[in-house]
Amino acid sequence: MARMTKEERKTTIISAALQLFSERGFYITTIPDIAKKVGMSVGNFYNYFNSKDILAKELIIYISEYLGRNIRVINEKESSTEEKIYEIVSMYFNMADEEPEMIEYFLRVYLSNREIFGDGCEGMLCVSPFVTEMMMFFNDGVECGKLHNQDFFSAFGLFMGYLGGMVFLFGEKILPEPLEWYKESISQNIYNALKTR
Amino acid sequence: MITKQLINQIEGEATISFDIKDGVVDFATIAFPHFRGIESILKRKDALDALVITPRVCGICGHAHLMATVRAIEDAYKNAGYRVELSKKVEIIREFTLVMEIIQNHFKWIYLTIIPEISKLIKPNQKQTPLKGAYAASIASKAIAIFAGQWPHSSYMIPGGITTDPTNVDILKVESYVDELINFFEKESIGISLETFLSFKSNKNFGGLKSDISFLENNLMNLNMDKKGFAHDRFLVLGKHTFSKPLKIEQTYPTSSDVKYVNITEAYSLNQVSYAKNAQYGDIFYEAGPLSRTISNNLPIVKNIYRRSKDSAYTRVMSRIFELATLLQHAKNLLSKIDISQKSYTQCMDISKITAKGIGVVEAPRGPLLHLTDIKDGVIQEYKIVTPTQFNIGSSTKENPTPVQQAMRGTTKEEALFIFRTFDVCSVCTTH
Amino acid sequence: MHSKQDKKPSIIWFQGLTCNGNTHSFLNLENLEKLLDKFELLSHPTLPSTQDFKTITDCTLICDIFIFEGTYDPLMKRNNVLVSNIIEHYSKYAKYIIAAGSCASFGGIFRSSAPQRNSGILFVEQEKSGPLLSYERKVINISGCPLHPQWLSYTLNMIEKGNNIEIDSLHRPIELYSNLAHHGCTKNEYFEWKVDTENFGEKEGCLFYKQGCRAPMTHASCNKILWNEVSSKTRVGTPCFGCTEPNFPRSNLFSTKTNMSIPEDVPLGVPKRNYLTITGIAKTFHIKRLEGKLIDYKTTD
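Residues numbered from 1 in each chain as written. Chains lettered and ligands numbered in written order. Predicted model: local features only at pLDDT ≥ 70, side-chain atom pairs only at ≥ 80, totals over all residues.

> Which parts of the structure should I look at to understand the interface of chain C and chain B?
Bring the parts together and some accessible area is lost; that lost area is often taken as the interface size. Counting from both sides, the interface comprises 49 residues of chain C and, opposite them, 56 residues of chain B. Of all the secondary structure elements, the ones that give two or more residues to the side of chain C that touches chain B are α1 (21-27), α2 (32-37), α3 (53-58), β4 (77-78) and α6 (108-111) of chain C. If you tally residues by element for the side of chain C that touches chain B, the top one is α1 of chain C, at five residues. Tallied by class, residues from the side of chain C that touches chain B come to 21 nonpolar, 19 polar and nine charged. (Contact = placed C-beta atoms within 7 Å. Helix = DSSP H or I, 4+ residues; strand = E, 2+ residues; numbered from the N terminus. Nonpolar A, V, L, I, M, F, W, Y, C, P; charged D, E, K, R; others polar.)

Next up, the structure:
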């Protein structure tokens, strides 16, 4: 194996952990399982993450940064608010398609095991990069006159709750069509719900 | 013969056109040339913005404008069917800062206006110490600023209360400023204790005194100002305060007054552009301000002077000085009644829900100040301001003169110019 | 500029469309007498001065320092002489021209009554296109509605001493206007931890989030050089209205303009994205001492 930097190694661990959590569940997966999957000793693993809880938090920061990075690229484009909504929906659904373990971790582990994230990951601490970019998106939308000026969480909940719900239905194999099929109509719905009245 | 006289150092500029016959003023009109359009600036603004805009009507009595605005908006709340709760503390602090502004104004008027003006008429001149006025006013301003953040141009009164939540540390500091002012007034202005001054039975008590005020009093008498400068012998108070009640007085007979009878007419002036308007009660001109307030309050010393000298220039000047003295005492009294544990602010309905008219009436340093507003969904549709100078220093016809026009009649031009100042002119307020 | 033998620099204080607020604010200066002793006051709206007003409007003399208060209105006359002629005369010969207050600096409140013609003497709001453009190097703006007496006294003292006054792009002295009104605000800790005040009339909480406070976006030293030596707007729970800036007066002064709960304007020079990141994180923490009434917090740790 070529020599990896510590950061690269960390990323490998994160990918492996996400995969295992998604396949077997968060509680059942142990540190030895993860260490084994990346081909390292348990002792060496602890050089990277002191505990499973710390790993759990790092994972959510990793996902939040990933989402934030992608939304920022969209935010900084010259495109219209409508197009941006489509691009965010599209990015989110593609991620659910191509890297389902990330969204799954976010929905199944982060949102439903708050006790793990209580200390040091409460509120905005771990999801800040993602939420900040959504704030920027809404702020810009209002500033250019396209979106109705309202409470942030009312709008955020509508947008992300909708997407999360669709991905959940998709994960449960309830959706009759692939996610791709819904992008257009969902983007339209979100825009219609949030646009200037 | 008509002669024009430019007047400045009156919070702006005015021109008096004198019609002189046989060496004395037969008739005079007054024109105020500058106009700033505050009422139109206020249109279509959020009603609360008036709390920031209207103090800028006037640099010397902006606090009175603030209070008139807050009263007008609170009146609109009531007329729209919403309660506005004001704690006792709020009422006292608002009242206190208003009183301090009047005190500030009167000190400046004594030292920066009336003493320099009287010095033009007498020889040897009375010693001029204008910076005494600025000093005393700056102390009064400090006392205001502890509650209001700054003076001039504070906006600390808001519908439902005040923005500040003072501690005992603040109250003690304010007390010390009031004491400093009283001390200054005793030492520098009157030369005796405030208590003694306020217990004066008649102007004979000035005998033997040597102080700024006794010199002024003496000079006024030497100039026979107790026999000159008579207005209509009609007095009007409209603002309801701890130091005033709405009354009109004719031939010493007081009846209650109501702001709804205030009437605004166009000013009349000889061949000059003026942006001023006249304020009348019904269709009659009344004198407003410290003389009216002290008479309506039955202040014994002013009543006594008035009995002898009626509404002469002398009485007008002295009433203002005695008002200053009573207000210093009143300010101290108000402070002692503040209970800091009471609420500074009680939230009222969002202004955007208010559609109603409202009137705010306040006694400003120079007399009644009226703000009339018409609010729709929290936005100002119409805003009218009537200022004290419009009551006193309007410009009307020879047949129906305003108080100042009446008061200047029959005197020499030089005397008339002094008498003009006894009303304490505010040009900027007049033509807001 | 002056050695001891020189005569005192002369001042003319002249007014356009004004409320006199700057004049009265200046009278509050501590040690006013000491300052005035250093100058020859040729004309002033309230203080005794050596020339009568007619002489001033006749433009038969000159002065070293020309102070203009109020909004400039090209049609306005003083004593029947066009103000435009008067300020042209004095500006030509003066060594310094001081715009006293926001009206003279940028147009201020009274610009809005005739925005197509009223302006400051050098600026029309933030645009440098006022009537004294040809004398721009002499112009110092002491903005503020009103100006702070110590800001003007600083400027006059610096001139009298012959010191250089560095100015910003809006011609305001850097030493006075590089501070923000936010600096020294007693509510700073609430701003740091993003604790907004529930209501007016409270010592606790910051006025930036709901009540419209402009202090973090306003160049002014109000909380460093206190008003009347004792206080400031924000110290008594009144939001800063940004009165030293060219866009004063804005609208809806008692509420913060937000886009989906996000402040439209964030502290000067801070990218909004960074501001939102910090805000989100700070809001996460609940600090007991900052959430209750100060007076109820009796522990000392």
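> What am I meant to see in the packing of helix α6 (residues 100-110) of chain A against helix α9 (residues 152-171) of chain A here?
Two packed helices can be described by the angle between their axes and the distance between those axes. Residue and element names in this part refer to chain A. Axis separation between α6 and α9 bottoms out at 11 Å; the angle between their running directions is 115 degrees. Considered as vectors, α6 and α9 are oriented roughly perpendicular to each other. As for the relative orientation of α6 and α9, their crossing is left-handed in sense. Of the residues in α9, those touching α6 at P100, I103, E104 and L107 are G164, V167, F168 and G171. Taken together, the residues of the contact of α6 with α9 sort by class into five nonpolar, two polar and one charged. (Axes fitted to C-alpha atoms, helices over the stretch in contact; angles between N-to-C directions. Parallel < 35°, antiparallel > 145°, perpendicular 65-115°, else oblique. Left-handed = near helix turned anticlockwise from the far one by under 90°.)

> Sorry, what's going on with unusual backbone geometry here?
Glycine aside, residues mostly have negative phi, and peptide bonds are mostly found in the trans state. All names here are of chain C. Along the chain, C145 connects to P146 via a cis peptide bond; the corresponding omega equals 5 degrees. By the secondary structure assignment, P146 is in the loop between β7 (139-142) and α7 (149-161). With an omega of 0 degrees, the peptide bond between F248 and P249 qualifies as cis. Its identity is not glycine, yet N20 carries a phi of approximately 75 degrees, on the positive side. Note that N20 resides in the loop between β1 (10-15) and α1. A count of 26 C-beta atoms within 10 Å places N20 in the buried class. Non-glycine residue N252 carries a positive phi angle of around 50 degrees. Residue position: N252 is located in the loop between α9 (188-192) and β8 (258-259). (Buried ≥ 20, exposed ≤ 12 C-beta atoms within 10 Å, placed from the backbone.)

> Looking at this structure, I do not really get the interface of chain C and chain A. What am I missing?
Each partner contributes to the interface: chain C provides twelve residues, whereas chain A provides 18 residues. By residue number, the principal contributor to the side of chain C that touches chain A is helix α10 (residues 272-284) of chain C, which donates eight residues.

> Sorry, what's going on with the domain arrangement of chain A here?
All names here are of chain A. Per the domain assignment, the segments of chain A are domain 1 (1-50) and domain 2 (51-194). A C-alpha centroid distance of 26 Å is found between domain 1 and domain 2. At the interface, ten residues of domain 1 touch 14 residues of domain 2. Per element, the largest residue contribution to the side of domain 1 that touches domain 2 is six residues, and it comes from helix α1 (residues 6-24). Here the residues of the side of domain 1 that touches domain 2 are counted per class, giving seven nonpolar, three polar and no charged. (Domains from an automatic or database assignment.)

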